[in-house]
Amino acid sequence: MTDANEDSDVSRRDYIKAAGAGTIGVTGLAGCMGGGGGGDSTTTTDSGSDETTESTDDGGETTTEESSSDYETLEVQHWWTGGDGAAAVEALFEGFAEAYPDIEVNQNPVSGGAGQNLETVIKKRVLNNNPPSSWQAWPGANLQPYVAADKLEDIGDSVWSKNGMKDAYLEGPKEAARPGGNFVTVPLNIHRINNLFYNVSVVEEAGVDPASIETPGDLVSAMETVESKTDAVGMAHQTSSAWSTTQLWATVLLGENDVETYNSFAEGNVADDEEAVKSSLQTVVDYAEHFNDDAGSVSWTEANQKILNGEAAFFHQGDWAAGMYRGQDGFEFEDDWDHVPFPGTEGVYALNMDSFPFPTNNPSPEATTKFLQYVGSVDAQERFNPKKGSIPPRTDVPSDEFGPFLTRQMDDFQNSDSQVQSIEHGLAIAPDPKSNISDAMASFISNWNVDNTYQQLTQAFN
Ligand code: GAL
């Protein structure tokens, strides 16, 4: 279904091209942008605009009619294609077109879960002073190098003083929008990471009650039961890229320990928690025995399809997975799929957000200001989040459209004892160490070697 889109050839070609034009590793960019670390050369020869021209074909749509507008075309890049949020982003741009019919929009997506391909394109374009009008970006630490290099504008007055944003936003998202003190970006959604989704018929056939799984380790025996009693695999997962396993491991670290241990790792104290880190890695190795056989070649949406089809019992993923369930007719919450907080993490809301920054050298400053004001509005957040499987960062968005699952997530959020920030999504960790963690996890998913991975993780923050 959706994955033709997610893994489209165009995107892959763009990514390879961008990576090959090369030298734009995260470290190189951060170094060049003055964000610390670094040392790699960052010289590039071809212009970022090449990619954008090609990738326009990749599911991108111009959502407004031709008009003799005073506005420059608004170019927005994101990775929401296919099952990974396409319906939600369409709803967002439909609302924007209604509000601003004379702004022409060029959605220019680069597919690939968790920004695995878009990131490279954006860094290159920003370095070349040829940024899009805005793009999908995790706020918080992830944007620090851009702020340090003076690549993002202060939008405290032009955007954040409109629509009652400063009063309506929750404190956490507001903080994340100010990675260097000034408001530079606008969060659109809040995703939860510590979820365990499951196919109801499969666990019932196996006689497993997910609510009774208390620890990450107990999930291993639940999966053994599933596999002995049904034809399904224990856990749907993708290891074709590292990010889903980084998320899974960080959630296990949280579930086997506590918020302090998780935060201490995120602050770089890896060796202080040697036992906790090694044990959580080992648990993931144990899970890997129960992954689908094709984990190494599928995307996250293809892995999630196995929950939809009843070929797998459990799925750990951000609640964007629920956006896919919602988009599937006849696959109903509680009857067909359900959710518990990941074992051991009850009372915690591990969060991730997507936001849209305002770059310097903006090709369409007026249109971008309007767009970011819109992203920060009730209307935008009410249209986008129910379809995406996320909850709004504004507190005044009516909950009628959100359905029972997201209403439950909203309650869990409101009642949570702590809200830790995602490691994989760079809210808690700046791009350089985050990139080193991704490298460590990329080796991990190929050799499942706990000791080597631990050693690599100890170096990640150096
Ligand atoms: C996350 C993003 C989500 C979702 C997911 C999978 O980083 O915040 O919105 O798209 O990646 O690609």
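Look up a bit, the structure's there.
Residue numbers here run from 1 along each chain, matching the order of that chain's written sequence. Under the rules for a predicted model, residues below a pLDDT of 70 receive no local features and side-chain atom pairs below 80 are neither given nor counted, while totals for whole chains, interfaces and linings still include all residues. Side-chain numbers here rest on the full set of heavy atoms in the structure, without hydrogens or water.

**Thoughts on helix 15 (residues 300-308)**
Consideration 1: Each residue is assigned to one of three classes by its accessible area relative to the maximum for its type, calculated with a 1.4 Å probe on protein chains only: buried under 20%, partly exposed between the two thresholds, exposed over 50%. Helix and strand definitions here come from DSSP, where helices need a minimum of 4 consecutive H or I residues and strands a minimum of 2 consecutive E residues; each element is numbered from the N-terminal end. Among the nine residues of helix 15, eight are classified as buried, and the element is accordingly described as predominantly covered.
Consideration 2: Among the residues trailing helix 15, Gly 310 stands out with phi positive, at a value near 75°.

**Comments concerning the packing of aromatic side chains**
Consideration 1: Within 6.5 Å between ring centres, the rings of Phe, Tyr and Trp (the latter by its six-membered ring) count as paired, and their orientation is classed by plane angle as stacked under 30 degrees, edge-to-face over 60, tilted in between. Per the counting criterion, the structure on display carries 27 aromatic pairs.
Consideration 2: Taking the centre distance of 6.2 Å and the plane angle of 65° together, the rings of Trp 80 and Phe 356 count as edge-to-face. Of this pair, Trp 80 sits in the loop between strand 1 (74-77) and helix 5 (86-99) while Phe 356 sits in strand 9 (residues 351-357), and the two are 276 residues apart along the sequence.
Consideration 3: The exposure class assigned to Phe 356 is buried, which follows from its relative accessible area of 0%.

**Topic: the sheet that holds strand 3 (residues 134-135)**
Whether parallel or antiparallel, the strands of a sheet pair through hydrogen bonds between backbone atoms.
Consideration 1: Pairing is parallel across the open sheet formed by three strands, whose spatial order is 2-1-3. Here the strands that pair on one side only, and so sit at the sheet edges, are strand 2 (105-107) and strand 3.
Consideration 2: Note on contacts: a residue pair is in contact if any heavy atoms of the two residues lie within 4.5 Å. For every element, the axis is a line fit to its C-alpha atoms; helices are fit only across the contacting stretch, and the angle between N-to-C directions ranges from 0 to 180 degrees. Of the strands in this sheet, strand 1 and strand 3 are in contact with helix 6 (residues 118-127), which crosses strand 1 at around 135°. The rule for pairing is simple: two strands pair if DSSP sees at least two bridges between them.

**Concerning the packing of helix 12 (residues 243-256) against helix 14 (residues 274-288)**
How two helices sit against one another is set out by the angle between their axes and by the gap between those axes.
Consideration 1: Interhelical geometry of helix 12 versus helix 14 gives an angle of 125° and a closest axis separation of 9 Å. For the element pair helix 12 / helix 14, the angle class is oblique. Considering the relative orientation of helix 12 and helix 14, their crossing is right-handed. Facing Thr 245, Leu 248, Trp 249, Val 252, Leu 253 and Glu 256 of helix 12, the residues of helix 14 in contact are Ala 276, Val 277, Ser 279, Ser 280, Leu 281, Thr 283, Val 284 and Tyr 287.
Consideration 2: Broken down by class, the residue content of the contact of helix 12 with helix 14 amounts to nine nonpolar, four polar and one charged. These descriptions rest on fixed angle ranges, namely under 35 degrees for roughly parallel, over 145 for roughly antiparallel, 65 to 115 for roughly perpendicular, and the rest for oblique. By convention, the crossing between two helices is left-handed when the near helix turns anticlockwise from the far helix through less than a right angle, and right-handed when the turn is clockwise. Three classes are used: nonpolar for Ala, Val, Leu, Ile, Met, Phe, Trp, Tyr, Cys and Pro, charged for Asp, Glu, Lys and Arg, and polar for all others, with Gly counted as polar.

**A word on the side chain of His 339**
Consideration 1: Within the secondary structure, His 339 is located in strand 8 (residues 337-341).
Consideration 2: A relative accessible area of 4% places His 339 in the buried class.
Consideration 3: Looking at His 339, its side chain comes within polar contact range of the side chain of Asn 195, at 2.8 Å.
Consideration 4: With residues up to four places along the chain from it excluded, the contact list for His 339 reads Arg 192, Asn 195, Leu 196, Phe 197, Tyr 198, Phe 405, Arg 408 and Gln 409. A 3.5 Å cut-off defines polar contacts: any pair of N or O atoms within that distance qualifies, except that in protein one atom must be a possible hydrogen donor and the other a possible acceptor, and neighbouring residues in sequence count only when both atoms are side-chain atoms.

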